[in-house]
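The lines below spell out each chain.
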Amino acid sequence: MSAALVVGVDAGATTTRCVVAALDGEVVGRGVAGGANRNSSGGEVSAALRAALAAALDTIDRTDEVGLGVVGAAGSAGAGRTAFRAAAERAWRAAGISGELVTVTDIEVAYAAGTAEPDGVLLLSGTGALAARFGDGVLRRRCDGYGWLLGDEGSAVWIGVGALRAVLAALDGRGEPTTLVAEFSRHFEVGADTSESRAQALIAATFAVPPAALGRLAPFVSTAAEAGDPVAGRICAAAADRLLHTFDSVEPPPAATVVLAGSVLLSSGPVSRVVRAGLLARTGTEPRPARDGAAGAAALAVGRFTGAPVPPVVHTRLTGSPHFPGRG
């Protein structure tokens, strides 16, 4: 095997991240670009992938040594598989890489970012939300992940949209008062004299941003819930309940290894606390965090290139490297 490097890419709704690594797990290059999910962020897939690959490869100048790359993204399965594959291939060629390209879903890279074990369950809540059960390294069953309009129950966007509805209800008299009215008005820089004009200004500001951006409201909801706001508290409780129901729906085996992914579950907020407690009660073990999907994609690339299970030391070296800015 002459090639010494692999590439892992996690093309997310708000950010696209790339890792270049050696087969022993040493990370030699990283790149970050904008979102690559047209449905929720408006991102153009090829452009985001090209930018992330270019940034990661720019510092090493060894594209000829890349033997294989794994690119994962939401919408890369089912009806979207062909279009995503074509976009990824365009970006791959534009980066000057001759090695093999493999495209997978964001579910697979998120699970691989948390564990090298072939059997287990992923529970994700970030921009989107879903649960997925793996057996022998293969995705066996999934629930939700249907996007902000049709599903993603318990996700950051789901929380943000629910909170916006509660704010509008508070403004027009249908709902009870909430501190979120003031928080969201500051966030969107809305200043209005009447409740009606404030509601209209919030509606205009909301529809002016991509749906994925509404997930940025979730931390405000968590903070308000922690401070005792009953409206925010109910939204967070409902999010945790939806996520645990989604987890149960994939029929996880007893004592299953559980990987948590996404900003909602990797934070220390009220949703994460309730979900973690619920998972511990169900499985008897603490869930594992998956913070860097690009590292998970790189781990998949190592396994596919070598044709062997990824050694735990290699997986730890990949996923334990310093994370991208803003990932914690």
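Above this text sits the structure in question.
Now for a look at the structure at hand. (Residues numbered from 1 in each chain as written. Predicted model: local features only at pLDDT ≥ 70, side-chain atom pairs only at ≥ 80, totals over all residues. Heavy atoms only, no water.)

## Description of the sheet that holds strand 3 (residues 27-34)
The strands making up a sheet associate through backbone hydrogen bonding, with each pair oriented either parallel or antiparallel. Threshold: Here, strands pair whenever DSSP counts at least two bridges between them. Numbering goes from the N terminus for both helices and strands, where a helix is a DSSP run of H or I of at least four residues and a strand is a run of E of at least two. Angles run from 0 to 180 degrees between N-to-C directions of axes, and those axes are lines fitted to C-alpha atoms, restricted for helices to the stretch in contact.
Reading across the sheet, the 5 strands line up as 3-2-1-4-5 and stay open at both edges, with mixed pairing between neighbours. The two strands at the open ends of the sheet, each matched to only one other strand, are strand 3 and strand 5 (100-105). The average angle at which neighbouring strand axes cross in this sheet is 15°, direction not considered. Relative to strand 3, strand 2 (residues 15-22) runs antiparallel, the two being bridged by 7 bridges. For Val-20, the partnering residue across the bridge sits in strand 3 and is Gly-29.

## Section: the pairing of strand 4 (residues 66-73)
Put simply, the rule is: Type-normalised accessible area, obtained with a 1.4 Å probe on protein chains alone, sets the label of each residue: buried when under 20%, exposed when over 50%, and partly exposed for intermediate values.
Of all 8 residues making up strand 4, 8 are buried, and the element is well covered by its neighbours. Relative to strand 4, strand 1 (residues 5-11) runs parallel, the two being bridged by 7 bridges. Across the sheet, residue Ala-11 finds its bridge partner in strand 4, namely Ala-73. The pairing of strand 4 with strand 5 spans 6 bridges and is classified as parallel. When the sheet's bridge partners are listed, Leu-68 is paired in strand 5 with Glu-100.

## Things to note about the packing of helix 5 (residues 180-187) against helix 7 (residues 218-226)
Keep this limit in mind: Throughout this description, any angle smaller than 35 degrees is read as roughly parallel, any larger than 145 degrees as roughly antiparallel, any in the 65 to 115 degree range as roughly perpendicular, and the remainder as oblique. The sense of a crossing depends on the near helix, which, turned anticlockwise from the far helix by less than a right angle, makes the crossing left-handed and, turned clockwise, makes it right-handed. Residue contacts are counted whenever heavy atoms from the two residues lie within 4.5 Å of one another. All amino acids are sorted into three groups, where Ala, Val, Leu, Ile, Met, Phe, Trp, Tyr, Cys and Pro are nonpolar, Asp, Glu, Lys and Arg are charged, and the leftover types, Gly among them, are polar.
Direction vectors running N to C along helix 5 and helix 7 enclose 150°, while the axes themselves pass 10 Å from each other. Classed by the angle they form, the pair helix 5 and helix 7 counts as roughly antiparallel. Between helix 5 and helix 7 lies a crossing of right-handed hand. Facing helix 5, whose interface residues are Leu-180, Glu-183, Phe-184 and His-187, helix 7 presents Phe-220, Val-221 and Ala-224. Its residues assigned to classes, the contact of helix 5 with helix 7 comprises 5 nonpolar, 1 polar and 1 charged.

## Quick notes on the packing of aromatic side chains
Formally: Centres within 6.5 Å are what make two rings of Phe, Tyr or Trp a pair, Trp counting through its six-membered ring; a difference in plane orientation under 30 degrees is then read as stacked, over 60 as edge-to-face, and the rest as tilted.
The final tally for this structure, using the stated rule, is 2 aromatic pairs. Residues Phe-184 and Phe-220 carry aromatic rings whose centres are separated by 6.5 Å and whose planes lie at 70° to one another, so their mutual orientation is edge-to-face. Residue Phe-184 is located in helix 5, and its partner Phe-220 is located in helix 7; the two are separated by 36 residues in the primary sequence. Residue classification places Phe-184 among the buried positions, given a relative accessible area of 0%.

## Some words on the pattern of salt bridges
Note the threshold: By definition here, a salt bridge exists when the distance from a side-chain nitrogen of Lys or Arg to a carboxyl oxygen of Asp or Glu is within 4 Å.
Scanning all chains against the criterion turns up 11 salt bridges. The shortest N-O distance in the salt bridge between Glu-153 and Arg-242 comes to 3.4 Å. On the criterion of sequence distance, the pair formed by Glu-153 in the loop between strand 8 (138-144) and helix 4 (156-172) and Arg-242 in helix 8 (residues 230-249) is long-range, its members being 89 residues apart. Using a relative accessible area of 31% as the deciding quantity, one classes Arg-242 as partly exposed. The partner of Arg-282 in a salt bridge is Asp-248, and the shortest N-O contact between them spans 2.8 Å. Of the two residues, Arg-282 sits in helix 10 (residues 270-283) while Asp-248 sits in helix 8, which places them 34 residues apart along the sequence. Look at Asp-248 and you get partly exposed, because its relative accessible area is 35%.

## Some thoughts on the nonpolar core
The cut-off we apply is this: Note on terminology: a nonpolar core comprises buried Ala, Val, Leu, Ile, Met, Phe, Trp, Tyr and Cys residues joined through side-chain atoms within 4.5 Å.
Formed by 47 residues in total, the largest nonpolar core has its most connected members in Phe-184, Val-221, Val-271 and Val-275. Ranked by size, the runner-up nonpolar core spans 25 residues in total, among them Leu-5, Val-9, Ala-33 and Val-45.

## Remarks on helix 12 (residues 312-319)
Convention followed: Working definition: the arc comes from the directions between the helix axis and the C-beta atoms, pointing outward to the latter.
The complete set of buried residues in helix 12 reads Val-314, His-315, Leu-318 and Thr-319. Down the axis of helix 12, the smallest arc covering the buried residues is 115°, so these residues share one side. Turned more than 90 degrees off the buried face of helix 12, the exposed positions are Pro-312 and Thr-316. Those residues of helix 12 hidden inside the fold are in contact with strand 2, strand 3, helix 3 (106-114) and helix 11 (293-306).

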